[in-house]
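Now for the letters of each chain:
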Amino acid sequence: MFTLADGVRLHVSVSGPIDAPVTVVLSHGWCQDRRTWRQQIAALGEMGHKAPRVIAYDTRGHGRSSATHLRSATLAQLGDDMAEVIRRYAPAGPVVLAGHSMGGMTIMEYAHRHPAEFADRVKGLLLVSTTAEGHTHTRYGLPDQLAALMRAGETLGAGLLARSGAWRPHRVMLPALRPALRWLLFGDECADEAMMLTMGGLGRAPLRSIGGFRESIGAQLRLDTLAGLGMPAAVLVGSRDRLTPPACAESIAAALPGAELTVVPGAGHMLPLEKPAEVSAALVTLVRRAARQAKRDRRPTIGHPRCRKAA
């Protein structure tokens, strides 16, 4: 456990070589936990002597981390939390950040609120099933009028849930909610393990987290922040994503210099679980690029004292 400045305790998992040339930090989505990334963590571990250090943590109010205060259930706070995690667990060296859904929005807040630190440390960026425009493009796969009604109901319900505290009565209703979650979060395919992990993450999230983060998520606008970044980046989205549809990824890729956009056919919102091979491949590629760049940065140039001594 890592205790943040305001007393909230984060559950942090660290794996990989302590002397790895690159550190990967993984940030999960709303009402999920670090297990979202389990297959990507396994893929990174299979890189052999080139494997990175991997940090995966449960966001405040999620997973095995402690509950958050309602006033701290914001993306801005999550960006500050990410900064604290990186300072504590990856104080030096290049970092690759990967964020799914709200985790991608957390990365954008980190970049917005700590620009000098972000520019100095981050050498690769993976944004999966996320948005930089709040709920601008969210239609839930419905016609516009129905989508507007659903968003209004969701916003009202979120406000009520946010004031309901840190308990989890919804866990008993998850089996009944499974068909709706399957439709909302997944595309053409949905393995049982992926569904169980998704439902497990939702079951662990208290009502305050389910409702409390909704306002901040819906209001975020960070395209300008992305436009000022400069590092290798990959943006992935499922073609059947009903929460952050391809339009969200397209606007991110258009704003983020040099970003590579991949639309995965038939996939929904839970890409790290639904299409793990595609997400893992993109992440491994970014890690390799960051490691090569770090090696070049360490290589002395002509005129460097080490070069003159060798001559």
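You'll find the structure just up there.
Residues numbered from 1 in each chain as written. Predicted model: local features only at pLDDT ≥ 70, side-chain atom pairs only at ≥ 80, totals over all residues. Heavy atoms only, no water.

Draft legend 1. Representation of the overall build of the chain. On a plain count of helices and strands, the chain comes out with 14 helices and 9 strands. Split into buried and exposed, the 311 residues of the chain put 53% on the buried side. Surface exposure of the chain reaches about 13,900 Å², of which carbon and sulfur atoms provide 56%. (Helix = DSSP H or I, 4+ residues; strand = E, 2+ residues; numbered from the N terminus. Buried < 20%, exposed > 50% of the residue type's maximum accessible area, 1.4 Å probe, protein only. Areas by Shrake-Rupley, 256 points an atom, 1.4 Å probe, with all protein chains shown as cover.)

Draft legend 2. Layout of the pattern of salt bridges. Overall, the coordinates contain 13 salt bridges when judged by the stated rule. For the salt bridge of Asp80 with Arg113, the shortest nitrogen-to-oxygen distance reads 2.9 Å. Of the two residues, Asp80 sits in helix H2 (residues 75–89) while Arg113 sits in helix H3 (residues 102–113), which places them 33 residues apart along the sequence. For Arg222, the salt bridge goes to Glu109, with nearest N and O atoms at 2.7 Å. Of this pair, Arg222 sits in the loop between helix H9 (214–219) and helix H10 (223–227) while Glu109 sits in helix H3; the two residues are 113 residues apart in sequence, bridging distant segments of the chain. Residue class for Arg222 comes out buried when judged on its relative accessible area of 17%. Residue Glu109 is classed as buried on the basis of its relative accessible area, which comes to 4%. Through salt bridges with shared partners, one network takes in Asp6, Arg60 and Asp81. (Salt bridge = Lys/Arg side-chain N within 4 Å of Asp/Glu carboxyl O.)

Draft legend 3. Focus on the nonpolar core. Formed by 36 residues in total, the largest nonpolar core has its most connected members in Leu97, Phe118, Leu125 and Leu226. Mapped by element, the contributors of at least two residues to this core are strand E5 (53–57), H2, strand E6 (95–100), H3, strand E7 (122–128), strand E8 (233–238) and helix H11 (246–255). With residues up to four places along the chain from it excluded, the contact list for Leu97 reads Val25, Met82, Ile86, Ile107, Tyr110, Phe118, Val122, Gly124, Leu125 and Leu126. Leu44, Ala267, Leu271 and Val287 belong to the second-largest nonpolar core, a separate cluster that totals 25 residues. (Core = buried A, V, L, I, M, F, W, Y, C linked by side-chain atoms within 4.5 Å. Contact = heavy atoms within 4.5 Å.)

Draft legend 4. Summary view of the packing of H2 against H3. Packing of H2 against H3 leaves a shortest axis separation of 7 Å and a crossing angle of 75 degrees. Relative to H3, the element H2 is oriented roughly perpendicular. In this structure, H2 uses Leu75, Ala76, Leu78, Gly79, Asp80, Met82, Ala83 and Ile86 to contact H3, whose residues at the interface are Met102, Met105, Thr106, Ile107, Glu109, Tyr110 and Arg113. (Axes fitted to C-alpha atoms, helices over the stretch in contact; angles between N-to-C directions. Parallel < 35°, antiparallel > 145°, perpendicular 65-115°, else oblique.)

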